[in-house]
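Residue-level listing of the chains:
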Amino acid sequence: MPTTELAPDITIPSDTVFQDVTAPDIDPTVIELVLPTSAEEVKDYTLLHVDPDELVIGPNVRLFDPQRLEDPQDEEYADFVADLLDQGNTIPIIARYDAHGQLIVIDGQVRTYGLRKAKKRATESGEVSWKKAFVIAQAHGISDEKATAIERMVEQHGANFLRFAMTQADQLRTVQGLLELGVEPVTVGKRLRLKNDDAAVLMAVAQSTHAAELAHQGVLGLSESAVIAEFEAYGDESAAVEELTECAQTNPGQIHNIAQRLRVARTERVALAAAAAELAEQGLTVIEPPDTLRGPQIRQLADLRPTAKTKPGGTLSIKRHATCPGHAAYLTFHRVWPDKEGTVTVIHVCTDFQRHKHAERNAEPGKTLIERPTYPTGSAVQTGPMTAEQKRYRKTVIAQGKAWDSATIKRMEALELFAKRRTLSQAEDTWLEAMRASSARYADAAGRGHRLALTLLGWDSKFAGNGNRAALRAEILKAKPERARVISMVMVLAALEQGVSRRRTWENPNEEEIAYFAKLRTLKLQTLEPSGPADWVPSEVEMLVLDRSEPVDAALAAAVEDEIEVEATLDDEDPGADDEPLADGEDLPTDGDATEVSDAR
């Protein structure tokens, strides 16, 4: 059989250059030729093309049910048969002639069954041609049937157990080689009969230098390498690629959690940049989010009234404040499950409200500032700005809050997939009964109609509302006991999930929250990543629920509680109408007023 024949449908681009070893300008001393000078023709074996129905499948140490080839749901064998129909068996079947002239298959029973199925499929579909079996046949010459049977079993064990299958790196190398020869990615996937998800992963990694190198080195599997390839493809994610690579080498179990956090960060950057550009076109000054809204200068408009002379409780609208020299805005971004895009919030502020003669909304008449609360620190009383320790703690809390938001997205995706399961072990009944009997959160969720559970189960529009409880009960009663357990577990987990807090749970969890996260770890949850299904692993911030550290000093927590995040309040909306009228002779400050105040200082 020729060994240089190209596989069908794969064409070499016209601009591909191959080295011509026969060219006169090639120095033959540079080329190392390995010639088969000791090769000998094997007299006892013959190369044959045989109708697969004319082969006899002999005893084999590996059992195989040929009915698997008839199952249209078995994608693995469907692709196997299709490949045999297309190319035949490129790896020959080993057979021996018996005393009657029959060809007995020694190595290749699955290939033989597959070729028979391919022939049947071609015949039934009216196709003219089908591939015969490529066979290496050994002459009979058997004098000791027992010794032959022993040798057959040893050979079959070697063929089926001791030899190595292609690794993921081998498969990747094949894809890379075809791509380098100019074969289109779609064609590569079709010719190798790759599933769509597998093809997407292989193509992504094959076209990513760094990710492919990690896969070849065995540092990561293909699915994890695909995560790095995803970020490398953006071109400006060098820091993300570096972080993921380090994670892959030191803590690979966290790679999907870190990737999720980085995806949210990327989405946030893009959304904030687009919103900032739009506001800048409108002439609005966009500033970075301030460290605090309780200092001596910057305030959001929702916390201000026009001047100290205005009646306390009055409002300062965006429209009215637009002419103030301190008028500006900053942007915040939030993305929580199941929101895919995230939400940008525009928070309007005055950058120096005292200089521009505004007053805090609820300050006493004639005063600019509300008297700030004091924070206890040990036996002393703190009245000044936050200490360095408090600032560090505040920074930690903000970072953990963002990490919790990202982790919640993955956790909810895992619960969504779990809600689709058909079975759950009876061993979970004890835990379920204990939580249903003792959980205040479960009782509360039941009273509210199990809203989150219905969403996870895909029933939120079907059974939402207390009026549909009878229909919900009937739906559950129709389920098989194994599925009913899944539904019950989803309802309990959803009730506990609704009670967790991005601010408190990771730092000071209660008993129900600890029980909840402990149970999540035992359920073998999965998430659906871009590279395919992956085991859900608690993120580092979620692990704090189960691995509790020393509690934070209450005074320290209280000192920064109002400064944890700089966010808009519900009142930070332009009412679209005039605010409370100004006092007689009162007006908003102008640039001249601002200069005058500055000079007075």
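Residues numbered from 1 in each chain as written. Predicted model: local features only at pLDDT ≥ 70, side-chain atom pairs only at ≥ 80, totals over all residues. Heavy atoms only, no water.

Enquirer: Is there a simple way to explain the overall build of the protein chain in this structure?
Expert: Secondary structure assignment for the protein chain yields 22 helices and 14 strands. Here the protein chain holds 601 residues, and 40% of them are scored as buried. Within the protein chain, counting contacts between residues at least 6 apart in sequence, those at least 24 apart form 72% of the total. Surface exposure of the protein chain reaches about 34900 Å², of which carbon and sulfur atoms provide 52%. (Helix = DSSP H or I, 4+ residues; strand = E, 2+ residues; numbered from the N terminus. Buried < 20%, exposed > 50% of the residue type's maximum accessible area, 1.4 Å probe, protein only. Contact = heavy atoms within 4.5 Å. Areas by Shrake-Rupley, 256 points an atom, 1.4 Å probe, with all protein chains shown as cover.)

Enquirer: Would you explain the pairing of strand β5 (residues 133–138) in this entry?
Expert: Each regular strand carries side chains that alternate between the two faces of the sheet. Most of β5 is tucked away, with five of its six residues classed as buried. Sheet topology note: the strand β1 (residues 45–50)/β5 ladder contains six bridges and is antiparallel. The residue of β5 that forms the bridge with Leu47 is Ile136. (Pairing = 2+ DSSP bridges.)

Enquirer: How should I be thinking about unusual backbone geometry in this particular structure?
Expert: Backbone phi values are negative for most residues with the exception of glycine, while trans is the configuration of most peptide bonds. In this chain, Trp337 is followed by Pro338 through a cis amide linkage whose omega measures 0 degrees. Within the secondary structure, Pro338 sits in the loop between β8 (327–334) and β9 (343–350). Of note, the phi angle at Lys357 is positive, near 65 degrees, even though the residue is not glycine. Take Lys357: it is sitting in the loop between β9 and β10 (359–360). A relative accessible area of 34% places Lys357 in the partly exposed class. Residue His450 is not a glycine yet carries a positive backbone phi of 50 degrees. Along the chain, the position of His450 falls in the loop between α14 (440–447) and α15 (451–457).

Enquirer: What is the right way to read the sheet that holds strand β6 (residues 299–300) from this model?
Expert: Neighbouring strands of a sheet are bound in pairs by backbone hydrogen bonds; such pairs are parallel or else antiparallel. Strand order across the open sheet formed by three strands is β6-β9-β8, with antiparallel pairing between neighbours. Single-partner strands in this sheet number two, and they are β6 and β8. Taken together, the two bridges between β6 and β9 define a ladder with antiparallel strand orientation. Opposite Arg299, over in β9, you have Cys350 as the bridge partner. Where helix α10 (residues 255–281) meets the sheet, it contacts β8 and β9, and its direction lies at approximately 155 degrees from that of β8. (Axes fitted to C-alpha atoms, helices over the stretch in contact; angles between N-to-C directions.)

Enquirer: Whenever I open this one, the nonpolar core confuses me. Can you help?
Expert: Within soluble globular proteins, side chains that are nonpolar tend to cluster in buried spots. One finds Phe418, Leu456 and Leu493 to be the most contacted residues of the largest nonpolar core, which totals 47 residues. No other element matches helix α18 (residues 481–498), which puts ten residues into this core. Residues in contact with Phe418, not counting those within four places in the same chain, are Leu424, Val486, Met489, Val490, Leu493, Leu523 and Leu525. With 33 residues, the next largest nonpolar core counts Val188, Val201, Phe231 and Ala240 among its residues. (Core = buried A, V, L, I, M, F, W, Y, C linked by side-chain atoms within 4.5 Å.)

Enquirer: Even after reading the chapter, I still don't get the environment of Arg116, so can you show me in this structure?
Expert: Turning to its location among the elements, Arg116 is positioned in helix α2 (residues 109–124). In this structure, the C-alpha to C-alpha distance between Arg116 and Lys131, residues 15 residues apart in sequence, is 9.6 Å.

Enquirer: In this structure, what is going on with the side chain of Glu497? I would like to understand it.
Expert: Structurally, the position occupied by Glu497 is in helix α18. In terms of polar contacts, Glu497 uses its side chain to reach the side chain of Arg411, at 2.8 Å. For Glu497, the contacting residues outside a window of four places in its chain are Thr408, Arg411, Met412, Leu415, Leu452 and Tyr516. (Polar contact = N/O pair within 3.5 Å; in protein donor to acceptor, adjacent residues only side chain to side chain.)

Enquirer: Help me out: how do you make sense of the pattern of salt bridges in this one?
Expert: If you walk through the whole model with that rule in mind, you get 28 salt bridges. A salt bridge links Arg263 to Glu529; the shortest N-O distance between them is 3.9 Å. One end of the pair, Arg263, is in helix α10; the other, Glu529, is in strand β13 (residues 526–529), and 266 residues separate them in sequence. Note on Glu529: relative accessible area 4%, which makes it buried. By sharing partners, the salt bridges in this structure join Glu230, Arg263, Arg266, Lys410, Glu413 and Glu529 into a single network. (Salt bridge = Lys/Arg side-chain N within 4 Å of Asp/Glu carboxyl O.)

Enquirer: How should the packing of helix α13 (residues 429–438) against α18 be read in this particular structure?
Expert: Two measures define how a pair of helices packs: the angle their axes make with one another and the distance between the axes. The N-to-C vectors of α13 and α18 enclose an angle of 45 degrees; their axes lie 10 Å apart at closest approach. The angle between the axes of α13 and α18 places the two elements in the oblique class. Regarding α13 and α18, the two cross each other, and that crossing is left-handed. For the pair α13 and α18, contact is made by Asp429, Trp431, Leu432, Met435 and Arg436 and by Arg485, Ser488, Met489, Val492, Leu493 and Leu496, respectively. Of the residues in the contact of α13 with α18, the class split is seven nonpolar, one polar and three charged. (Parallel < 35°, antiparallel > 145°, perpendicular 65-115°, else oblique. Left-handed = near helix turned anticlockwise from the far one by under 90°. Nonpolar A, V, L, I, M, F, W, Y, C, P; charged D, E, K, R; others polar.)

Enquirer: Would you take a moment to explain the sheet that holds β1 for this structure?
Expert: Reading across the sheet, the five strands line up as β1-β5-β3-β4-β2 and stay open at both edges, with mixed pairing between neighbours. Single-partner strands in this sheet number two, and they are β1 and β2 (55–57). Taking the axes of each pair of neighbouring strands and ignoring which way they run, one obtains an average angle of 40 degrees across the sheet. Looking at chain direction, strand β3 (residues 93–97) and β5 are connected through four bridges and run parallel. When the sheet's bridge partners are listed, Ile94 is paired in β5 with Ile136. Sheet strands touched by α2: β2, β3, β4 (103–107) and β5. Its angle to β2, the strand with the most contacts, is close to 130 degrees.

Enquirer: Can you walk me through the side chain of Ser317 in this structure?
Expert: By the element assignment, Ser317 lies in the loop between β7 (304–305) and α11 (318–321). Here Arg320 takes part through its backbone nitrogen, which lies 3.1 Å from a polar atom of the side chain of Ser317.

Enquirer: Whenever I open this one, the state of the cysteines confuses me. Can you help?
Expert: Here a disulfide denotes a covalent bond joining the sulfur atom of one cysteine to the sulfur atom of another. With the rule as written, the count across this model stands at zero disulfides. Cysteine Cys324 is unpaired, with the sulfur of Cys350 as its nearest cysteine sulfur at 4.0 Å. Cys350 sits in the buried class, given a relative accessible area of 0%. (Disulfide = S-S within 2.5 Å.)

Enquirer: For this particular structure, what's the right way to read the environment of Lys410?
Expert: As for its position among the elements, Lys410 is in helix α12 (residues 388–418). Judged by its relative accessible area of 3%, Lys410 is buried. Setting aside chain neighbours within four positions, we find Lys410 in contact with Asn257, Gln260, Thr527, Glu529 and Trp536. Polar contacts involving the side chain of Lys410 include one to the side chain of Glu413, which spans 2.9 Å. Polar contacts involving the side chain of Lys410 include one to the side chain of Glu529, which spans 3.0 Å.

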